[in-house]
Protein chains: 2
Amino acid sequence: MKKYCFGIDIGGTTVKCGLFNVDGEVLDKWEIKTRTENNGENIIADIAETMNAKIAEKGLDKEEIVGAGVGVPGPADEEGNVPVAVNLHWGFVPLSKELSEKTGLAVRVGNDANVAALGEMWKGGAVGYHNVVMVTLGTGVGGGIIINGKIVTGSNGAGGEIGHIHVTDSVDKPCNCGNTGCLEQVASATGVVYLANKKLASCDTPSVLRDGEVSAKSVFDAVKAGDAVAQEIAEEFGRYLGLACANIAGVVDPQVFVIGGGVSKAGKILFDYIEKYYKKYAFPSCKDAKFALATLGNDAGIYGAAKLML
Amino acid sequence: MKKYCFGIDIGGTTVKCGLFNVDGEVLDKWEIKTRTENNGENIIADIAETMNAKIAEKGLDKEEIVGAGVGVPGPADEEGNVPVAVNLHWGFVPLSKELSEKTGLAVRVGNDANVAALGEMWKGGAVGYHNVVMVTLGTGVGGGIIINGKIVTGSNGAGGEIGHIHVTDSVDKPCNCGNTGCLEQVASATGVVYLANKKLASCDTPSVLRDGEVSAKSVFDAVKAGDAVAQEIAEEFGRYLGLACANIAGVVDPQVFVIGGGVSKAGKILFDYIEKYYKKYAFPSCKDAKFALATLGNDAGIYGAAKLML
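Residues numbered from 1 in each chain as written. Chains lettered and ligands numbered in written order. Predicted model: local features only at pLDDT ≥ 70, side-chain atom pairs only at ≥ 80, totals over all residues. Heavy atoms only, no water.

Asker: Got a minute to help me understand the interface of chain A and chain B in this structure?
Answerer: A common way to express how large an interface is: the accessible area buried when the components associate. Every contact between the two is made by 38 residues of chain A and, on the other side, 38 residues of chain B. Both sides of the chain A and chain B interface together cover about 2,900 Å² of buried area, and 54% of this is carbon and sulfur. Put simply, chain A and chain B have 0 salt bridges between them. One can count 26 residue pairs in polar contact (both at pLDDT 80 or more) joining chain A with chain B. (Contact = heavy atoms within 4.5 Å. Buried area = accessible area lost by both parts, 1.4 Å probe. Salt bridge = Lys/Arg side-chain N within 4 Å of Asp/Glu carboxyl O. Polar contact = N/O pair within 3.5 Å; in protein donor to acceptor, adjacent residues only side chain to side chain.)

Asker: Just to check I follow, could you spell out the sheet that holds strand S10 (residues 290-293) of chain A for this structure?
Answerer: Two strands in a sheet stick together by hydrogen bonds in their backbones, pointing the same way (parallel) or opposite ways (antiparallel). Residues and elements named next belong to chain A. The strand order across the open sheet formed by 5 strands is S8-S7-S6-S9-S10, and the pairing between neighbours is mixed. For this open sheet the edge positions go to strand S8 (150-151) and S10, each flanked by a neighbour on one side alone. Here strand S9 (residues 256-260) runs beside S10; their pairing, made up of 4 bridges, is parallel. Note on S10: the bridge partner recorded for Phe257 is Phe291. Those strands touched by helix H4 (residues 112-123) are strand S6 (132-137), strand S7 (141-147), S8 and S9, and its axis lies near 55° from that of S7. Helix H9 (residues 269-281) rests against S9 and S10 of the sheet, and its axis sits at about 155° to S10. (Pairing = 2+ DSSP bridges. Helix = DSSP H or I, 4+ residues; strand = E, 2+ residues; numbered from the N terminus. Axes fitted to C-alpha atoms, helices over the stretch in contact; angles between N-to-C directions.)

Asker: Can you walk me through the sheet that holds strand S1 (residues 4-10) of chain B in this structure?
Answerer: All names here are of chain B. If you trace the 5 strands from one edge of the open sheet to the other, you get S3-S2-S1-S4-S5, paired in mixed fashion. Every interior strand has two partners, whereas the edge strands, strand S3 (26-33) and strand S5 (107-111), have only one. For this sheet, the mean angle separating the axes of adjacent strands, direction not counted, is 15°. In terms of strand pairing, strand S4 (residues 65-72) meets S5 through 5 bridges, oriented parallel. Its bridge partner lying in S5, Gly71 is registered against Gly110. Helix H4 (residues 112-123) rests against S1, S4 and S5 of the sheet, and its axis sits at about 105° to S5. Together, S1, strand S2 (14-21), S3, S4 and S5 form the strand contacts of helix H10 (residues 300-309), whose direction differs from that of S1 by roughly 130°.

Asker: Help me out: how do you make sense of helix H8 (residues 228-252) of chain A in this one?
Answerer: Residues and elements named next belong to chain A. Helix length check: H8, at 25 residues, gives a terminal C-alpha distance of 36 Å against a target of 36 Å (1.5 Å per residue), a fit within 8%. Buried residues dominate H8, accounting for 20 of its 25 residues. Of the residues that open H8, the one with a side-chain oxygen 3.2 Å from the backbone nitrogen of Val229 is Asp227. A positive backbone phi angle near 50° is found at Asp253, which sits one or two residues after H8. (Expected span 1.5 Å × (residues − 1). Buried < 20%, exposed > 50% of the residue type's maximum accessible area, 1.4 Å probe, protein only.)

Asker: So what exactly am I meant to see when it comes to the packing of aromatic side chains here?
Answerer: The description of an aromatic ring pair rests on the distance of the ring centres and on the angle between the ring planes. Residue and element names in this part refer to chain A. Enumeration over the complete set of coordinates arrives at 18 aromatic pairs over all chains. Where Phe6 meets Trp30, the ring centres are 6.5 Å apart and the plane angle is 80°; that geometry is what we call edge-to-face. With a gap of 24 residues between them, Phe6 in strand S1 (residues 4-10) and Trp30 in strand S3 (residues 26-33) connect regions that are remote in the sequence. The class of Phe6 is buried, set by a relative accessible area of 0%. By relative accessible area, Trp30 is classed as buried at 14%. (Phe/Tyr/Trp six-rings, centres within 6.5 Å; stacked < 30°, edge-to-face > 60°.)

Asker: Looking at this structure, how should I read the nonpolar core?
Answerer: The nonpolar side chains of a soluble globular protein tend to be buried, and buried together. Within the largest apolar cluster, 123 residues are counted, with the highest numbers of intra-cluster contacts made by Phe237 and Phe257 of chain A together with Phe237 and Phe257 of chain B. If sequence neighbours within four positions are ignored, Phe257 of chain A has contacts with Val133, Val135, Cys245, Ile248, Ala249, Tyr278, Ala289, Lys290, Phe291 and Ala292 of chain A. (Core = buried A, V, L, I, M, F, W, Y, C linked by side-chain atoms within 4.5 Å.)

Asker: Honestly, the environment of Val171 of chain A in this entry has me stumped. Any pointers?
Answerer: Residues and elements named next belong to chain A. Along the polypeptide, Val171 turns up in the loop between S8 and helix H5 (184-187). On the accessibility criterion, Val171 (4% relative accessible area) is buried. Residues Val171 and Cys182, spaced 11 residues apart in sequence, show a C-alpha to C-alpha distance of 8.5 Å. Dropping the residues within four chain positions of it, Val171 is found in contact with Thr180, Gly181, Gln185, Val186 and Tyr194.

Asker: Looking at this structure, how should I read the side chain of Thr34 of chain B?
Answerer: Residues and elements named next belong to chain B. Structurally, Thr34 can be placed in the loop between S3 and helix H1 (37-40). Judged by relative accessible area, which is 3%, Thr34 ranks as buried. A distance of 2.9 Å separates a polar atom in the side chain of Thr34 from the backbone oxygen of Gly11. Residues in contact with Thr34, not counting those within four places in the same chain, are Gly11, Gly12, Thr13, Thr14, Val15, Ile43 and Leu88.

Asker: Even after reading the chapter, I still don't get the domain arrangement of chain A, so can you show me in this structure?
Answerer: Residues and elements named next belong to chain A. According to the domain assignment, chain A contains domain 1 (4-118 + 299-309) and domain 2 (128-294). Each partner contributes to the interface: domain 1 provides 10 residues, whereas domain 2 provides 12 residues. Counting the surface domain 1 buries against domain 2, the share from its top three residues, Asn114, Ala117 and Leu118, is 57%. Where domain 1 touches domain 2, the interface holds 0 salt bridges. Our count for the domain 1 to domain 2 interface comes out at 0 residue pairs in polar contact (both at pLDDT 80 or more). (Domains from an automatic or database assignment.)

Here it is as structure tokens:
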């Protein structure tokens, strides 16, 4: 009988690993370094080695293990191939096949943002829902779309690339993707700093943000302290993110939006700004969609990866 | 052995009916009137009667019939209940259950716009694709999203309500949905007329559109004839629709957008305007999505309904 499953989340610096039971309890959790040198040629062997070592350490029988789910920072196809993963220095890598050969286990592969969304649905901020949109507000804005419990991968692996929804004509500087006016430019941690600097330059209103370095954290701390300029910045942030979520709802009509990533550490105060504009722009029957904070933090990837396999 | 299937498309004026073989060939096609009086209480009985009559006429055995798929102008849940369908004067109707009882056949129900998308995927403009977005440019703008061959119904039956994606702050008049700046206000047949009248009022440039009544057809006829004002109107139309499609691609990353409805009779010239802006706004890996014209016209509903069952 199958009792265990691995969840592996490959990042550009570390590979996060989890050993789960089939009920989704994490039995052990550890990290190894991601060796990206020589086009990342050691990454798969390193993962196989740490998995095999864990199996030996715990005295497990491979027959008891369902397999390993793996999240990667790039697109992944249905066969578990990774066409390209810039942060791993990978070109085309048949990840599922190679890791399976080196471990004797079944392997499934998904994009890390999508896999994190699956993790939050399974054991995090979206437990009990099966139509979920995850919005990760980090250095950039990532996303994952879950319909009827399944990840929407997209035809080019670009399902859930919601950071590049066009939300404004007011930004001139190009986004990393080459377009301009992407959600990521105005709603990521970097985007909040961009909005803050623009606002501070456009007015003389006193603000605590004029002392010291501006960050997404300092902006939302100032919002909580009642700083008027910070609140105007939060309004603009909320308008863009609320608009994007409303437009996403007009496509897939989710039950819940789960907000994660560094910016989400500001907490529920974000929802005051996001939901205000979400309700303004959303199609009437979608206006009551829930907003929830992600709860798994950096572990969303290993949870979602395990769920991918289960 | 199962050989046949019904496809039924309930509209506010007529019920379109098709008898198909399981390969998707239409064997017979007819219409009955939709009797909406008395809260539409006769509609289901009328459909059952026409189906049973057709079975008798063709000398079919019910054992040979897979069942009936039905498209309705409103949301439908997984059990085939219709919570409300304004154009049929229906409140909550357990359509699948009632039609099944009256015919002895299995019945599946879907929203008409979603079902039409399925029809175009199966036998129309999107044959060979399984990730499809249909955009219907009629009096309003409807939509249907197909992921891995399955309709995205949404949590509130609002999957594919792309006519209400917010695309502009430049419209003051409210949309039928209550919001402002919806795609439907600037890209439906009515929306094209709105853009045309606004443009004609804002300039003195000579245009054939200044003679006679403006319609979506007259605008695109003038575009084809080289009318400069009409071409500017088409640019604005294309910008809004291209932007909306780009933002949809950032959510579900389809292989193809199928454009149908009355406005699509203008033909492939639409794509010159839509794709220009689609490519401007879409995330790089989605920029090569195909655009195709719908080919089934008013029959998309019966085809899609049959496919719902097969």
